[in-house]
Structure formats: C-alpha cells, structure tokens
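# Structural overview for review
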Amino acid sequence: MGIHMHQMTGDTAFRTRGLTKVYGSGAAAVHALRGVDIDIPKGEMVVLLGPSGSGKSTLLNILGGLDDATDGTAQFFDHDLTAMRERELTLYRREHVGFVFQFYNLMPSLTAKENVELVTEIADDPMDAAEALARVGLKERINHFPAQLSGGEQQRVAIARAVAKQPTVMFCDEPTGALDSATGRSVLNVLQSVNQDLGTTVMIVTHAAATAAMADRVIHFADGGVREVIRNTTKLTADEIEW
Amino acid sequence: MFSALDKKLFRDLGRMKMQAIAIGLVIAVGVVVLVMMDGLFNSLSQTKTTYYDRYRLAEVYAPAVRAPKHLLENLANVPGVDSVIGRIRGGGLVNLPQEDVPITAAIVSLPDHGAVRLNDIYLAEGKQIERGREDQILLLRSFAKAHGLQPGDRISATINGAKRKLEIAGLAQSPEFLLSMAPGDLAPDDKRYAVIWMSETSLGAAFDLKGAFSEALFSLTRDAKLPEVLDRVDQILANYGGTGAYGLEDQTSNRFLTEEIKGLATQSKILPPIFLAIAAFLLNIVISRMIQSEREQIGLLKAFGYSSMEVSAHYFKFVLAIAIGGALVGCLIGVWVGRSYADLFQQYYKFPFLVFRVDPQAFIIGILVSVFTASAGALFVLRKVFALTPAVAMRPPAPADYSRAGGFMAAVKRIFDQPTRMVLRRIARHPGRAFGAALGVGAGMGLSAASIGLMMTFTNVVDQTFDYVDRSDMTVVFAALRSTDTLNELRSLEGVTHVEPFRAVPVILRNGLHSHKGAVTGLLANPQQYRAVDKDLNPITLREDGIIIAKPLAKKLAISPGQKLFIEVQDGERPTLQMPVVGVAETLSGAPAYLEIGALNRALKQPNQISGAYLQIDEKLQAPLYEALKAMPVIAGASLKSKSREAFETLMDQSAGSMRYVMSFIAAIITFGIVYNSARIAFAERSRDLASLRVIGFTKGETAFVLLGELAIMVIMAVPIGIAFGLGLNAAIVEGFSTDLYQIPNQIQPEAFGTAGIAVLVSSVFSGWMVKRNMDGLDLVSALKTRE
C-alpha cells in the first residue's frame, strides 16, 4: 500500500468506529478505550476534556500513530491508521503529524533552532526553522539551549518544532500543564494562530476546562468513552478565556 | 552540513567525554598492541630479510677440522648448491686489561683480495685491512663499543695458543653475528663475545691451515632440498673432521632473532583480542545506560517520524565514533610506539639500518576489528531501540520490579539493614550486569596477575638456574678435547677450590620423524657444580644406560621416559648410538641432553676426554687466578657466572622481555577503566534515588554505602574470576612463548595474585573516592527535578 497521503480527500480529518484499546490481559486488563466513535472535521480546533484515565491521551496516541488499537478502526481522511504497519505509521507521523507534549520533550543537547531542524530535516515541505521560531515569538533565542530557556519558552520551541513541518494535524498533550497562567495563555495563543493562519487541525488534551472556550468542538471523556460532544458556536480567543 | 541529529551526537559525545575517552582508550590500547606488534614484526622480518640478502648470508654452514681447498669444487657440485666458499674459523681469546677473565672470540677469515662472496661484512667505522698487514683486524662493532675500543687501538689476543698483538683497522657488523653467545653463557652479551676478522693468509698461518679451510659456507638454489644438501656435504667432509653441516635455522644468531620475531607474532595474537573484548563490553554497558536514559528522546524521535532504523543509526554512530576514534588514535600511537621499539630493537640487534614498515592491513584490521567488536557490544542494546514503541518510550519507565528478586531475599530482610538490602536487591535484580562488570574487572586483574606473575617467574627462574642447576663460579671451555689430566692442572691453580669436568658432543637426536640438532653433555653421575634437576629442583643422578633430556627436547622429539632415542654423533667416528630416555630435566635455557661422562666417552671410544670444566673459586684469590687462566693456552673461553647472570637478566629486561612491563601498565589502565566506568554508570543511573535518600534524611556516608557497597561486592566477585583468568592467561603465555631456546615455566606465584588484587583494590578505592566526590556535590533539588 502506497503511503502517499498527499491526496487526501474529504472533509473529515479523523473518523473512529468502535475504537478499543486494552492494556494487559486477563484479570490485569485495563480498558483504556471502550469502543469510541467520533468524527473530527479538518481545520477544527478540538479540545479533549476528562479526568485522568478517561482515555483521552490514549485516543491521542492512537490518532497520532504512536500506539496501536486493540480493536475498531481509526481513519485519517481515507487512510486506515489501524491497518498501517510500523513503517507506514512512521511515514504518517513524518508527513502529517505535529506533537506538543506537557513536558516539552526537547533534546537537551540541541539548541532551539536545532531542535526545530530535527523535524524540518525529515519533513517534505517544511517552513524555515528560524521562521517557525519567529512565529512563536522566539526570534531572539534561537541559539539557546533548553536549559537556558524558561518553561513557557521551551513549550513554544516545542510548538515551533511541531508547526515547522506544516503538519496536517497537531496533537497537544497537556500543553499548558506545566506552565503558569500567563505563559499558558501565550502558548494557547500560538496554537490558535496556527489553527487559524495555517488551517491545521489542532487537537488538545487538557485538564484545564477553561481552554474549551476557544475550541470549535469539545469532546468530554469519561471511563474510556465519549460522554458528550459540544460544538461552540462562538469561540473566545486565548486572551479572552478565564483561567 | 551536519544534521540536527549529528549535532546531538557531537554534544552527547562531549557530555560523556570521560566515559567515551575511557572506552576509546581501551580500544586504542588493543589497536596499539596490534599495530605496534605488527609493525615490529614486519619491520624486524623485513629488516632481517633485507640485511641477510644485502650481505649474502649463507644458508648452510659446514664446519670441519681441516679440509683442502680443492674440495670446494666437489661441494659446489652438490645438487642444490648455488655457490660455496671456504673460510677459516677458529676460536681465540681476547685479553683486555680491564677485564678479569679472557673473553671468548670467534676469529673468521676474510679473503686477501676480491669481494666477500658470502657472509659479507658492513664496515661501520675505520678502514679495511691493508694488504700484507698480518696484524690488522676488523672487530665486531658492538663488542668494540661495549669496551670503548676504536680503530687504531691495539688489543692482545691468544690465537691457537699464541699471544698476538693486533691492531684494529675498522669496526664491522655482520648479519651472521647479530646475537652471539659465548660457550657456557645463557644469554647473548656484547661484552662477553668478540668477533675478529683477519686476512686469510694471516689466519691460515695462525691455525696452520694454509691451502685449507675449516668452514664451508653455501648459498642454495631456490629448488634445493636442505636435508639432501646437508647429507651430501657431510659425506664429502666426513674424512676432514666435518662435525655436521647445518642450515641457517640452526645458526645461533639467526635462531635468537627468529624466536624473538616469533614471540612478537604470538603476542600480537593473544593481547589485542582481550582488550577489544573488554572494550566491547564497556561499550555495551555505556550504550545500554545511555539508551535507558534517553528512552524519552528516542520516543520523541519516533513520534516525529524517525524510523527505528534512523534512531538506531544515530546511536550506532555514537558507537562508531568511539570505536573509530579509538582505533585511529591506536593506529597513530601504535606506529609511534612501534617505531620507538623498532629503534630499540635496531640497537639491540645491531642492524646497520632498519626498514620500518607497518602493513596497511594492520590499520584496516585494527579499525575493522574495533568497529566489529564495538558493534557487537552495541547491537544487543540497539535491539531495545527497535522494541520501544513511541508511546511506551514517552511514558517514564515503570519502576524496576524488585519483587522477582524476592526468593532468598526474605532471609536477607531479617539479617540486613535497609541500605544493605538495597545493595543486595539491586545486584539480585540485575545479576547479569553485576556479573558482567565483575567479569571485566576480573579480566583486568587476571591480566595484571599474569604479567606480574610472568615477571616474578623470570626472576625465580634465574634464581633457580643459578642456585640449583649451575652452581659453579666459572665455566672454562678448552680449545680442543683434553685428557682428564687437565683437571689436575686446573685444580693446582691457586684459588680454584673445586673442579668438575664436562664433555659436550655435537649430535643429532632422532625419534622417528622428529629430530633435533644439538649436543649431549657428559657430566659426573652426581655432580656438585652443574646438575640436571627435576621439576621439584632435586638433582637427578645421571645414568650410564640412558639419557636424560630437557623438557622442551622431550616435547620436540615427542618422546617420554622408557622410549628409545637415536643419537647420531657428529664428531670423531660419527657413531650412531641407541639409548633409552631415562629422565626428563627442567631447564631454563636451551635444550640439553645429559649422559654420564664415562659412558659417553666409552660410547665414542674416546676414554678420558673432556671439553671443559666447571670451577668453584675462592673469591679472595680471583685476580691472580684470572691472570693464570689467561695464560693457559688450552683455554679457549671462560665465562664467569656472575657476568652471565647479569647478561641474562638484561636480556629478560630488554627487547621482548620488556613487553611484560608494557602489559602490566596496560592491565592497570584496564582495571581502573572498568572499575571507574562501572562506578560512574551506577552513579548516573541512581543519582535520583541517591538524592531521594539524602532528602529523606540519609547521611552522605549512608548514601555512599548504597552505591559503593554495590561496587565493593562487584570487586569481591571479580577476585575469583581474576584468579581463574590469570591462571588461564599465564598458561597460554607460557605455551605461546616457550621455545627450545628459552623456557618459561608455568609456575605463577600466589604473590602475583596478591599484587594484582591490591592493584584492583587501589583502583576501586580511587574510583569510589572520585564518585563519592561527585555524590557529595549532588544538587538535591535539581536531581529530583530531572525526569528520568
């Protein structure tokens, strides 16, 4: 199966049906996802809410091609992620997915610019690393090492790293979890502008319910399944939301 | 441009530079030994070959008593002979005023005019002998140097019983006399052996050999069959006192040189694999630890879309950088050390030039082998990279499961306190790792023990030889066979307290297809001066009905006591005797065979003949005694035991013998490298745990115990491994290095292990101390913040 997914057709970025993930087996089995059915239109900003262990990170991992499903299907446009082998998943991540993590996960031995280059070097049509850093407001700090940056700056490097490859989708796992409110707000601002300016589908997993106000779509998770999906008719900007 | 991943590689290397350097050095040491040995081996072989060729060293030597020159034509017609020359060679004594005893000399003739067709000489200083100057000589340069003699100096010598004053025209070198040993000596010694070249006319007159020769030299055609040539030559010379022709392989100087070169080849096969294996092991633990600590980064790279291959390639490059870096440094140092050593060898062997040559193959092999072993060490670990799925890698690792270390730990719980339990559980949890580290330290210790043991063995062997085997003060060799009456002459000399005769007969010993060209020494049945000893150093009583042979000889001839040995005498009427082997004697040097002297003489039908004597002397009267001996024309050579002991010890300290110092040094580096690396890794792995301990109220000492206790147990486990490894290595070295010229007994002393053990202990304490310093400097807060 060719993995040239440039020709993506349709308006639905992700569609899952009966998506199930079980860790372990027998008595020790943990059902992280219990048959999840969702549709995520392309270009939307989606926030996933729910308590710890509700399955939202597991869903993110599977949609991001980091983990495989136990059962059910997950489609990215017209490609079946659950049928892909490791090599294809690697290509999928390389070409289409940007990740932002709670703990930034920068390479401590590389500068901000080099951390971004780590991704642009293997991407098909990346933006310039310096440009990506300028976009997140770090133009002046591109030659600093992670240890020389604050938490918010590190997270913005991580976003620049995700944005630089011009991904189709961006997955953010608790992107503001380790940040204070002012810094968190600036990070969300960046994410919002990526979504609006570049048309990137952005999925954010968070505990911070307030973040939901800036989403197109809010998915509430509980106990391994979707409890409720809410569509916001009016979105707030990151500066407007209440922390 | 370098990719971002490559930049990460450089920075990682920079961050782990101490460990990278430590491992790189171990690899380098392996490659140094490989390249150095190869360089030495090649250089010596090449230099030897070139030297031999350039100065046309003869391939066959046929000594005789007196052979008329017309025989040379017959000899030249022997199939396989390319060219032949006849020369006069005899023994003499050089009397130097500053030397107590006369010095043995070989005196060799040079043609009066025309080129020297075989065994040419290199005139290093001074000039050739002038035509018609019968008192002019060329002197072996190394001998002259050892005594401060120069062209123009005059020396006094005894030739064929007559005292002569000789003028040194020039100093010469020859491939024939690279290493020369005086009769009765154990080791070559420049000071104790002179070579004098004189004109043929002059020497012919001195030895009464006008129109005759006493040694024929041959070069052979390419398709010549050596045994057949030797047989034919022996037949032709049989009636002229031929004592048996021999090939270059049995020529003294060449044999020493060949053995030395062989020894180098052996070492180059034994040592490098050990170092490279240890380096592979070290790389394995370092990379393993690195991958463990970088699982998040690996997960991240995979999340970005780097394939397992690309990520593995990244870590593999890390390994390659260390391996290739180490190997390159090794090549450079190897060439440099090899060169310096070659210069030493050049002086030692008195080569007039040196062809230093390292086979490029050695570099390629060195680099390939380093890369290969390092890869082997790393590949096991890199499998883990493939196994990590990105999501799993992104989660912090689950706490190591110590529950399965349970079992016997239940008992441990009741006996030990909490910190001790932590130490023991950790070892029980990773027994493979602990054992691996112990294995590495053990290997280092074994290497130290084997090399220290080897040094002690040498010393012991020297002591044994001189205290148990040769207990005389002096050996005198007669110019020709003498009757036993000469013993009385010697006894009557003032200062001589004890005299014992010996007779040496050139023989070929045969057992089926195995043969050895050497000598049978006839001694008294129960001699006091020079004795054959068994492996417990008890004297063996010589028998009339059977022969006692040295251990290496028994091995070479594949014979054991009870079996019959053919003895082809190469002297007099050349009888062939058949005798059982009745005992095996220990020796240090050479491959002697002993028979009771009376029986030997009866078998040869030459009663009461002796070729020399062992003397015990009164120290207070030695000066006048030496003067008296110098004046005795029958004595062709005398060697003082104290001098020959000195020479032997020098031999063991120089050249190949000195390699063992290099080995001990290397062993020390390795032991320290492993202990230090293990301690560093344990510290890095556990700095977070240790900081936690500090935070909850453990003292620095208690915290250090948790880490260093583990190190201590590892070192203790290493000791038996080190002993086993040392014994094995010693056996291998003894097996590989013993030749029929020198034997290294397999008698490693317990002290060697003690010394090696102390070295391990010291390097452990030092490593522990360095890690303890790091631990005391541990920043508690930041250590706890780091996400593992």
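What this report covers is the structure whose coordinates are included nearby. The shown structure was predicted, so the numbers you read here are calculated from the model rather than taken from an experiment.

The number of helices and strands found in chain A is 6 helices and 10 strands. Contacts in chain A between residues at least 24 apart in sequence constitute 73% of all its contacts with a sequence separation of at least 6. For chain A, the computed accessible surface area is about 9900 Å², with 47% contributed by carbon and sulfur atoms.

What follows concerns the overall build of chain B. When helices and strands are counted, chain B shows 23 helices and 20 strands. Each of the 788 residues in chain B was classed as buried or not, and the buried ones make up 55%. Here the contacts in chain B between residues at least 6 apart in sequence split such that 81% fall between residues at least 24 apart. When the accessible surface of chain B is split by element, carbon and sulfur atoms take 58% of a total near 32800 Å².

Right, let's talk about empty space enclosed by the protein for a bit. To find leftover empty space, one rolls a probe the size of a water molecule over the atoms. All names here are of chain B. Within the structure shown, the criterion is met by 5 cavities of 30 Å³ or more. Empty space within the largest cavity amounts to approximately 290 Å³. For the largest cavity, the lining is made up of 20 residues, of which Arg433, Ser678, Ala682, Glu710 and Met714 are closest to its centre. Counting only elements with at least two residues in the lining of the largest cavity, the list comes to α7 (252-293), α13 (418-429), α14 (431-469), α20 (659-695) and α21 (700-737). Top element by residues in the lining of the largest cavity is α21. It accounts for 7 residues. Of the residues contributing to the lining of the largest cavity, the split by class is 14 nonpolar, 2 polar and 4 charged.

The next thing to look at is the sheet that holds strand β2 (residues 81-87) of chain B. Residue and element names in this part refer to chain B. The antiparallel open sheet is built from 4 strands, whose spatial order is β2-β10-β1-β11. Two strands bound the open sheet, and with one partner strand each, they are β2 and β11 (246-247). Two strands pair when backbone bridges link them, and strand β1 (residues 60-68) and strand β10 (residues 212-220) are joined in this way by 6 bridges, in the antiparallel orientation. If you follow Ala62 over to β10, its bridge partner there is Ala216.

Another aspect to go through is the nonpolar core. In this structure, A:Phe14, A:Leu59, A:Tyr92, A:Leu118, A:Phe171, A:Met203 and B:Tyr306 are the most contacted members of the largest nonpolar core, which totals 51 residues. With 5 residues, helix α8 (residues 295-304) of chain B is the single largest residue contributor to this core.

Attention now goes to helix α1 (residues 4-15) of chain B. With 12 residues, α1(B) should cover 16 Å at 1.5 Å per step; its first-to-last C-alpha distance of 16 Å lies within 8% of that length. Three or more residues of α1(B) are buried, namely B:Ala4, B:Leu5, B:Asp6, B:Lys7, B:Lys8, B:Leu9, B:Asp12 and B:Leu13.

Right, let's get into the interface of chain B and chain A. Listed per partner, the contact involves 26 residues of chain B and 26 residues of chain A. Carbon and sulfur atoms supply 57% of the area buried between chain B and chain A, which totals about 2300 Å² over both sides. When the buried area of chain B at its contact with chain A is split by residue, B:Ala4, B:Arg11 and B:Phe304 rank highest and sum to 26% of it. The interface formed by chain B and chain A contains 4 salt bridges. Note that B:Lys7 and A:Glu114 form a salt bridge whose closest N and O atoms lie 3.7 Å from each other. At the level of secondary structure, the elements contributing two or more residues to the side of chain B that touches chain A comprise α1, α8, α9 (308-349) and α11 (390-394) of chain B. Looking at the side of chain B that touches chain A element by element, the count peaks at 7 residues for α8(B). Counted by class, the side of chain B that touches chain A contains 11 nonpolar, 6 polar and 9 charged residues.

Glycine aside, a negative phi is what most residues show, and trans is what most peptide bonds show. Even without a glycine there, the phi angle at A:Asp223 is positive, about 55 degrees. Considering the arrangement of structural elements, one finds A:Asp223 in the loop between β9 (217-222) and β10 (225-231). What makes A:Asp223 exposed here is its relative accessible area of 58%. Within the chain, B:Arg56 stands out as a residue other than glycine whose phi angle is a positive 50 degrees. Counting through the fold element by element, B:Arg56 comes out in the loop between α2 (17-54) and β1.

So, on to the packing of aromatic side chains. This structure, assessed with the given rule, holds 15 aromatic pairs over all chains. Measuring from centroid to centroid gives 5.8 Å for A:Phe14 and A:Phe171, while their planes differ by 50 degrees, and the two rings are tilted. Of this pair, A:Phe14 sits in strand β1 (residues 12-23) while A:Phe171 sits in strand β7 (residues 169-173), placing them 157 residues apart in sequence. Taken together, A:Phe14, A:Phe76, A:Phe77, A:Tyr92, A:Phe99 and A:Phe171 form an aromatic cluster joined through their ring pairs. In this structure, B:Arg54 packs its charged tip against the face of B:Phe353, placed 4.3 Å from the ring centre. The residue whose ring lies beneath B:Arg773 is B:Trp769, and the NZ or CZ to ring-centre distance is 5.1 Å.

Moving on to the pairing of strand β3 (residues 89-95) of chain B. All names here are of chain B. Of all 7 residues making up β3, 5 are buried, and the element is well covered by its neighbours. As judged from the 6 bridges shared by β3 and strand β4 (residues 103-110), these two strands associate in the antiparallel manner. Along β4, the bridge assignment pairs Gly92 with Ala105. Where β3 meets strand β7 (residues 154-159), 4 bridges bridge the pair, whose relative direction is antiparallel. Among the inter-strand pairings, Val94 is bridged to a residue of β7, identified as Ala157.

Take the sheet that holds β1(A) next. Residue and element names in this part refer to chain A. Taken in spatial order, the 4 strands make up an open sheet running β2-β1-β4-β5, and their pairing is antiparallel. The open sheet has two free edges, formed respectively by β2 (30-41) and β5 (79-80), since each of these has just one partner strand. Sheet topology places strand β4 (residues 71-76) next to β5; 2 bridges connect them, and they run antiparallel. In the sheet register, Gln75 faces β5, and the bridge partner there is Asp80. The sheet contacts of helix α1 (residues 56-63) involve β1, β2 and β4, and relative to β1 the element is tilted by about 120 degrees.

In this section: the pattern of salt bridges. Tallied over the entire structure, the rule returns 35 salt bridges over all chains. Between A:Glu117 and A:Lys113 there is a salt bridge; the shortest N-O distance is 3.2 Å. Here the residue A:Glu117 and the residue A:Lys113 both occupy positions in helix α3 (residues 112-120), the gap between them amounting to 4 residues, near one helical turn. The salt bridge involving B:Glu167 is made with B:Arg154; its shortest N-O contact spans 3.5 Å. Residue B:Glu167 is located in strand β8 (residues 162-173), and its partner B:Arg154 is located in strand β7; the two are separated by 13 residues in the primary sequence. Classification of B:Glu167 as buried rests on a relative accessible area of 16%. The class of B:Arg154 is partly exposed, set by a relative accessible area of 46%. Three or more residues joined by partner-sharing salt bridges are found here, namely B:Lys127, B:Glu130, B:Arg133, B:Asp135, B:Arg154 and B:Glu167.

Before going further, it helps to spend a moment on the side chain of B:Ser764. All names here are of chain B. Structurally, Ser764 is set in helix α22 (residues 750-776). What makes Ser764 buried here is its relative accessible area of 11%. Contact partners of Ser764, with chain neighbours within four places excluded, come to Val675, Leu711 and Val715.

What counts, and where the lines are drawn
- Residues numbered from 1 in each chain as written.
- Chains lettered and ligands numbered in written order.
- Predicted model: local features only at pLDDT ≥ 70, side-chain atom pairs only at ≥ 80, totals over all residues.
- Heavy atoms only, no water.
- Helix = DSSP H or I, 4+ residues; strand = E, 2+ residues; numbered from the N terminus.
- Contact = heavy atoms within 4.5 Å.
- Areas by Shrake-Rupley, 256 points an atom, 1.4 Å probe, with all protein chains shown as cover.
- Buried < 20%, exposed > 50% of the residue type's maximum accessible area, 1.4 Å probe, protein only.
- 1 Å grid on protein atoms, 1.4 Å probe; cavity = no way out; pocket = protein on both sides within 12 Å on 5 of 7 lines; lining within 4 Å.
- Points joined across faces, edges and corners; volume = space filled by probe spheres on them.
- Nonpolar A, V, L, I, M, F, W, Y, C, P; charged D, E, K, R; others polar.
- Pairing = 2+ DSSP bridges.
- Core = buried A, V, L, I, M, F, W, Y, C linked by side-chain atoms within 4.5 Å.
- Expected span 1.5 Å × (residues − 1).
- Buried area = accessible area lost by both parts, 1.4 Å probe.
- Salt bridge = Lys/Arg side-chain N within 4 Å of Asp/Glu carboxyl O.
- Phe/Tyr/Trp six-rings, centres within 6.5 Å; stacked < 30°, edge-to-face > 60°.
- Lys NZ or Arg CZ within 6 Å of the ring centre and 35° of its normal.
- Axes fitted to C-alpha atoms, helices over the stretch in contact; angles between N-to-C directions.

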